[in-house]
Amino acid sequence: MENAWKKYNKKERKDLFNFTEGYRKFISDCKTERECVRRGIEIAEAHGFKNVNDYIDSGRKLNPGDKVYLNNMGKDLALFIIGKQPMEKGMNILGAHIDSPRIDIKQNPFYEDHDIALLDTHYYGGIKSYQWVTIPLALHGVVCKKDGSVVNVVIGENPKDPVVGISDLLIHLAGKQMQKKAYEVIEGEDLNVTVGSIPLEGEEKDAVKANILKLLKKKYDIEEADFLSAEIEVVPAGEARDYGLDASMVMGYGQDDRVCAYTSLMAMMEIENPEKTVSCMLVDKEEVGSIGATGMQSYFYENVVAELIELTGGYSDLKMRRCLANSCMLSSDVSAAYDPNYPQVNEMKNTCFFGHGITINKYVGSRGKGGSNDANPEYIARIRKIWDDNKISWQTAEIGRVNEGGGGTIAYIMAKYNMQVIDSGVGVQNMHAPWEVTSKVDVFEAKNAYVVFCKEM
Ligand code: MN
Ligand code: MN
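These figures come from a predicted structure and were not determined experimentally. (Residues numbered from 1 in each chain as written. Chains lettered and ligands numbered in written order. Predicted model: local features only at pLDDT ≥ 70, side-chain atom pairs only at ≥ 80, totals over all residues. Heavy atoms only, no water.)

## Overview of the coordination of the manganese ion (ligand 1)
- The coordination sphere of the manganese ion (ligand 1), as far as protein atoms go, consists of His97 (NE2), Asp256 (OD), Asp333 (OD) and Asp333 (OD), spread over 2.1 to 2.5 Å.
- Read in sequence order, the donor residues coordinating the manganese ion (ligand 1) give the pattern H-x158-D-x76-D.
- Between the manganese ion (ligand 1) and the manganese ion (ligand 2) the interatomic distance amounts to 3.2 Å, and aspartate 256 serves as a bridging ligand to the pair. With histidine 97 in strand β4 (residues 91–97) and aspartate 333 in the loop between β15 (328–332) and β16 (335–336), this pair connects stretches of sequence that are 236 residues apart.
- Residue class for histidine 97 comes out buried when judged on its relative accessible area of 1%.
- Look at aspartate 333 and you get buried, because its relative accessible area is 8%. (Donors = N, O, S within 2.8 Å, 3.2 Å for Na, K, Ca; no water. Helix = DSSP H or I, 4+ residues; strand = E, 2+ residues; numbered from the N terminus. Buried < 20%, exposed > 50% of the residue type's maximum accessible area, 1.4 Å probe, protein only.)

## Quick notes on empty space enclosed by the protein
- In the structure shown here, the tally under the stated rule is one cavity of 30 Å³ or more.
- Space inside the largest cavity adds up to approximately 40 Å³.
- For the largest cavity, the full set of lining residues is Met296, Gln297, Ser298, Tyr299, Tyr301, Glu302, Ile413, Met414, Lys416 and Tyr417.
- Classifying every residue of the lining of the largest cavity gives six nonpolar, two polar and two charged. (1 Å grid on protein atoms, 1.4 Å probe; cavity = no way out; pocket = protein on both sides within 12 Å on 5 of 7 lines; lining within 4 Å. Points joined across faces, edges and corners; volume = space filled by probe spheres on them. Nonpolar A, V, L, I, M, F, W, Y, C, P; charged D, E, K, R; others polar.)

## Details of the coordination of the manganese ion (ligand 2)
- Taken together, the protein donors to the manganese ion (ligand 2) comprise Asp256 (OD), Glu287 (OE), Glu287 (OE) and His432 (NE2), at separations of 2.1 to 2.6 Å.
- Sequence positions of the donors to the manganese ion (ligand 2) reduce to the motif D-x30-E-x144-H.

## Side note on a nonpolar patch on the surface
- Among the surface-exposed residues, Leu169, Leu170 and Leu173 lie close enough to one another that they form a single nonpolar patch of about 290 Å² accessible area.
- Leucine 170 gets classed as partly exposed once you look at its relative accessible area, which sits at 41%. (Patch = residues over 30% accessible without salt bridge, like charges linked within 9 Å, V, L, I, M, F, W, Y side chains within 5 Å. Areas by Shrake-Rupley, 256 points an atom, 1.4 Å probe, with all protein chains shown as cover. Salt bridge = Lys/Arg side-chain N within 4 Å of Asp/Glu carboxyl O.)

## Concerning the side chain of asparagine 92
- As for its position among the elements, asparagine 92 is in strand β4.
- For asparagine 92, the side chain forms a polar contact with the side chain of lysine 276, separated by 3.4 Å.
- For asparagine 92, the side chain forms a polar contact with the main-chain oxygen of cysteine 454, separated by 3.2 Å.
- Not counting chain neighbours up to four residues away, the residues in contact with asparagine 92 comprise Lys276, Thr277, Val278, Ser279, Cys328, Phe453, Cys454 and Met457. (Polar contact = N/O pair within 3.5 Å; in protein donor to acceptor, adjacent residues only side chain to side chain. Contact = heavy atoms within 4.5 Å.)

## Some details on the sheet that holds strand β8 (residues 150–155)
- Spatially, the seven strands line up as an open sheet ordered β8-β7-β11-β5-β6-β10-β9, and their pairing is antiparallel. A single partner strand is all that each edge strand has here, and the edge strands are β8 and β9 (165–166).
- Two strands pair when backbone bridges link them, and strand β5 (residues 102–113) and strand β11 (residues 230–236) are joined in this way by two bridges, in the antiparallel orientation. Across the sheet, aspartate 104 pairs through a bridge with glutamate 233, a residue of β11. (Pairing = 2+ DSSP bridges.)

## Observations concerning the sheet that holds strand β14 (residues 277–283)
- Taken in spatial order, the nine strands line up as β1-β2-β3-β14-β4-β15-β21-β17-β19 in an open sheet, and their pairing is mixed. Every interior strand has two partners, whereas the edge strands, β1 (50–51) and β19 (394–396), have only one.
- Across three bridges, the pairing between strand β17 (residues 358–361) and β19 is parallel. Residue isoleucine 360 lies in a different strand from β19, and its bridge partner there is threonine 396.
- Contacts between helix α8 (residues 300–311) and the sheet are confined to β2 (67–72), β3 (76–81), β4 and β14, with β3 contributing the most and set at about 30° to the helix.
- Relative to β15, helix α10 (residues 377–389) is tilted by about 80°, and along the sheet it contacts β15, β17, β19 and β21 (420–425). (Axes fitted to C-alpha atoms, helices over the stretch in contact; angles between N-to-C directions.)

## Concerning the nonpolar core
- Counting 64 residues, the largest nonpolar core has Leu79, Leu94, Met268, Met269 and Trp387 as its most contacted members.
- Setting aside its immediate chain neighbours within four residues, leucine 94 contacts Ser264, Ala267, Met268, Ser279, Cys280, Met281, Leu330, Tyr450, Phe453 and Cys454.
- In this structure, Leu119, Val133, Phe227 and Ile232 belong to the second largest nonpolar core, which totals 34 residues. (Core = buried A, V, L, I, M, F, W, Y, C linked by side-chain atoms within 4.5 Å.)

## Considerations on the domain arrangement of the chain
- Under the domain assignment, the chain is made up of domain 1 (4–100 + 253–456) and domain 2 (102–236).
- The straight-line distance from the C-alpha centre of domain 1 to that of domain 2 is 33 Å.
- Taken together, the two surfaces of domain 1 and domain 2 that pack against each other cover about 1,500 Å², and 49% of this comes from carbon and sulfur.
- Counting every contact that joins domain 1 to domain 2 gives four salt bridges.
- Our count for the contact surface shared by domain 1 and domain 2 stands at nine residue pairs in polar contact (both at pLDDT 80 or more).
- Looking at which element gives the most residues to the side of domain 1 that touches domain 2, the answer is helix α2 (residues 33–46), with four residues.
- For the side of domain 1 that touches domain 2, the residue count by class is five nonpolar, three polar and twelve charged. (Domains from an automatic or database assignment. Buried area = accessible area lost by both parts, 1.4 Å probe.)

## Let's talk about the packing of α8 against helix α9 (residues 317–325)
- Two numbers describe how α8 lies on α9: the axes approach to 10 Å, and their chain directions differ by 115°. The interaxial crossing formed by α8 with α9 has right-handed handedness. Across from Glu302, Val305, Ala306 and Ile309 in α8, the residues of α9 making contact are Lys319, Met320, Cys323 and Leu324.
- Within the contact of α8 with α9, the residues separate by chemical class into six nonpolar, no polar and two charged. (Left-handed = near helix turned anticlockwise from the far one by under 90°.)

Here it is in structure tokens:
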């Protein structure tokens with residue numbers, strides 16, 4: 001395996017850094033699934049994609065080369081470019097998730113304790129809670145009011161904004177805490193976010209909390225009760241940054257799995273008039289089991305495929321089954337990149353390394369490959385061929401040593417349609433930590449690998 005940086009000349013490196021700068025900005029701005037969908041639609045519309053509902057409502061037919069997207073509840077985005085071949089011949093599908101581990105605000109979050117106002121939280125996804133204390137945090141999300149209006153909230157990103165945070169015990173008094181197991185050092189119920197300390201004048205009880213609610217009322221026109229119908233996510237505040245003295249890496253929040261989401265999305269933007277229909281799905285709820293109406297187990301994707309079959313010639317159940325069963329998918333999610341500080345968790349021949357390009361995982365899962373989609377070698381051979389022919393840098397990996405742990409993805413959910421699916425994606429260090437790290441050359445290689453897959457699979 002050659003280090004991918006070596007094959008880039010000066011001009012190509014410029015293209016690479018331009019692309020990854022776009023990526024850095026994307027993950028700096030888009031820290032929730034909704035923000036990813038919103039920005040994804042802006043990018044898609046600028047490239048000629050239309051809302052599929054415009055076709056469904058008008059009954060206008062779709063033709064080869066047409067580009068459409070579906071926005072599912074503001075949390076999933078599915079994009080399609082209609083191919084020259086009929087849809088029942090199958091699609092080339094890119095998939096990634098846009099939810100990331102974070103700390104969610106509870107429905108009744110506000111309380112005051114000795115003149116400090118706080119928010120109660122419930123974390124989302126797998127986090128090491130001790131990583132989330134004493135760092136600047138931002139609030140991103142929506143508050144849905146009874147009148148039907150939705151208020152978008154982003155606090156802590158503008159350098160002039162205040163940030164919020166979760167406190168930790170001073171080392172001087174932490175003797176007992178330091179003896180605890182890592183998963184107990186910060187208890188889940190203790191991830192309370194500090195939001196204020198000035199009492200409201202004339203208020204007797206919980207005056208600090210009252211002052212915060214007054215500020216929120218003034219800025220956003222929201223009341224305490226509106227948090228009953230809100231989704232506010234507590235995420236690391238601030239922009240993603242170039243990482244390393246050579247700026248060869250990106251440090252940023254939510255790269256699991258927005259690194260695969262952005263590269264899949266941008267690959268779609270490079271496709272015109274494909275032979276087979278190509279699709280990209282950016283989905284919610286992967287980190288908690290792909291459940292709910294916006295998780296991959298929802299029928300939203302199948303439903304929109306049914307609509308497209310109707311719009312490209314006429315729906316039948318058989319055509320839809322053929323379409324899905326004849327499809328090929330790259331289910332993209334991040335791999336655990338080799339970390340020189342922790343070599344003991346890897347088996348070196350089957351490990352993902354920074355700078356070695358996009359990673360494919362024949363299987364993920366844990367212990368005896370439990371819960372994994374085990375991709376067919378015939379399918380892997382076809383992918384090897386098109387990537388090698390197009391000089392894509394790629395590697396294969398397992399998440400870690402056998403029995404060391406494991407993880408799941410959305411691959412097995414799509415594979416149940418009897419389509420060919422393989423896990424692929426970009427290597428990440430610090431996975432699920434507030435600040436994750438990727439290699440820029442791997443990000444760029446992934447985008448290029450997706451373009452080749454869409455065009456040639
Ligand atoms: Mn993931
Ligand atoms: Mn994850």
